[in-house]
Amino acid sequence: MRVAAAWALRFLLVVAALWVLVWLLNVVSLVTITVVVAVMICALLQPAVARLTGLGLPRPLAATLVFVLGVTAIVAATWFVVIQVTSSWTDLSGQLQNAAGTIQHWLVDGPLHIPAKQVDEYTTDLGSTIRGKRSTIVAGVFQTATSAIGVISGVVLCLFMTLFLLFDDGSIWRWCVSLFPKQAQQRATAAGRVAWVTLTAYMRFSVLLGVVNAVTMVIILMVAGMPLVVPLGVLIFLGSMIPMVGILVAGAVIVLVALVTHGATMAIVMAIALFLTVQIEGNLLTPWLLGRAVSLHPLAVLTSVTGGALVGGIFGAFVAVPLVAVISNVVRAVNAQRAVAVTGPPRA
């Protein structure tokens, strides 16, 4: 009982400390999200900076060049997606209206045989509800505008942080290591190196996998004659950033668009295509691209994404897997160093 009570007390103290940490990070959520996203973007761009500096380019010039090219690519892709959505919105809205009429006709003449008067009442009630909530919708628009200002501020702050991190040559981490006791600085340095290698490998893998999934689905969507090909491809790319769950959500949107625009047969075809894409990704690309850098069991990935979504929403689901992978690899590295310190290096 004493041992159980001691472990229970330690567990409660750890949980309380973690809860306080999460609460503090949530209070300054803008800074938290900005710093995390900046670090992840830096992990993606830093290898290019290191390659340019290896070719003899000064680090400030190399960092600025990679930063400008990266931001330009993101802005150009965003502009292209907006143009595609705007140009296709008229046709899509007409198809949505036709789909609504088809659904209404199916409710009346299909197997449910709902009276037409009752269906009309449902439609009228929906319109009345929307008109009655007009003030709430307007208030939500103003709240969205306020949130948009916060998002713009976060984006600007994230860009500056990313640029400064690319400029840095490791002095920030060396300062962090100097805060540890002397006897722990070597382990902290090794842990930081492992964490950075893991995060870099994960970001590179996620982007490459997202590009492969997006290109594959764009080709399939073009062959099938689907609308909004480019926006749906971007959605697949973004969904690939959240392992397992993100691709399912993006796939559900594609199947819904196929159902509305081309009917049930095309929706089934899109679902099969997505299933094959996910299977190829999971069985061929993931082991080959990721290797042993981020070795997590699928159950650990699913649990991490679910827990991250419950704690931090979409952002939590996005950072959960790399966070767990970094912690897992750091713990292994520290334990390996501790074992070497106890038993000594292996004999030749």
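Residues numbered from 1 in each chain as written. Predicted model: local features only at pLDDT ≥ 70, side-chain atom pairs only at ≥ 80, totals over all residues. Heavy atoms only, no water.

Asker: Teacher, can you tell me more about the overall build of the protein chain here?
Answerer: When helices and strands are tallied, the protein chain shows eleven helices and zero strands. Along the protein chain, helices (α) and strands (β) appear in the sequence α-α-α-α-α-α-α-α-α-α-α when read from the amino end. Across the 348 residues of the protein chain, 27% fall into the buried class. When contacts within the protein chain are restricted to residue pairs at least 6 apart in sequence, those whose partners lie at least 24 apart make up 68%. (Helix = DSSP H or I, 4+ residues; strand = E, 2+ residues; numbered from the N terminus. Buried < 20%, exposed > 50% of the residue type's maximum accessible area, 1.4 Å probe, protein only. Contact = heavy atoms within 4.5 Å.)

Asker: Please explain the packing of aromatic side chains as it appears in this structure.
Answerer: All chains considered together, the criterion is met by one aromatic pair. When the ring centre of Trp7 is taken as reference, the NZ or CZ atom of Arg10 above it lies at 5.6 Å. (Phe/Tyr/Trp six-rings, centres within 6.5 Å; stacked < 30°, edge-to-face > 60°. Lys NZ or Arg CZ within 6 Å of the ring centre and 35° of its normal.)

Asker: Help me understand the pattern of salt bridges in this model?
Answerer: Pairing of side chains with opposite charge becomes possible as their charged atoms draw close. For the structure shown, the criterion picks out one salt bridge. In this structure, the salt-bridge partner of Asp169 is Arg174, at a minimum N-O distance of 3.6 Å. You can call Asp169 exposed: its relative accessible area is 52%. Its relative accessible area of 48% is what places Arg174 among the partly exposed residues. (Salt bridge = Lys/Arg side-chain N within 4 Å of Asp/Glu carboxyl O.)

Asker: Can you walk me through the layout of surface pockets in this structure?
Answerer: Gaps left between atoms show up when a probe the size of a water molecule is rolled over them. Roughly 1,800 Å³ of internal volume is contained in the second largest pocket. Around the second largest pocket sit 45 residues that line it, and Val37, Ile41, Ile74, Phe237 and Leu238 are the ones nearest its centre. Sorting the residues of the lining of the second largest pocket by element identifies helix 2 (29–54), helix 3 (59–109), helix 5 (134–167), helix 7 (182–224), helix 8 (229–239), helix 9 (245–262) and helix 11 (298–343) as the ones contributing at least two each. The leading source of residues in the lining of the second largest pocket is helix 2, at eleven residues. Looking at the lining of the second largest pocket, its residues break down into 35 nonpolar, nine polar and one charged. (1 Å grid on protein atoms, 1.4 Å probe; cavity = no way out; pocket = protein on both sides within 12 Å on 5 of 7 lines; lining within 4 Å. Points joined across faces, edges and corners; volume = space filled by probe spheres on them. Nonpolar A, V, L, I, M, F, W, Y, C, P; charged D, E, K, R; others polar.)

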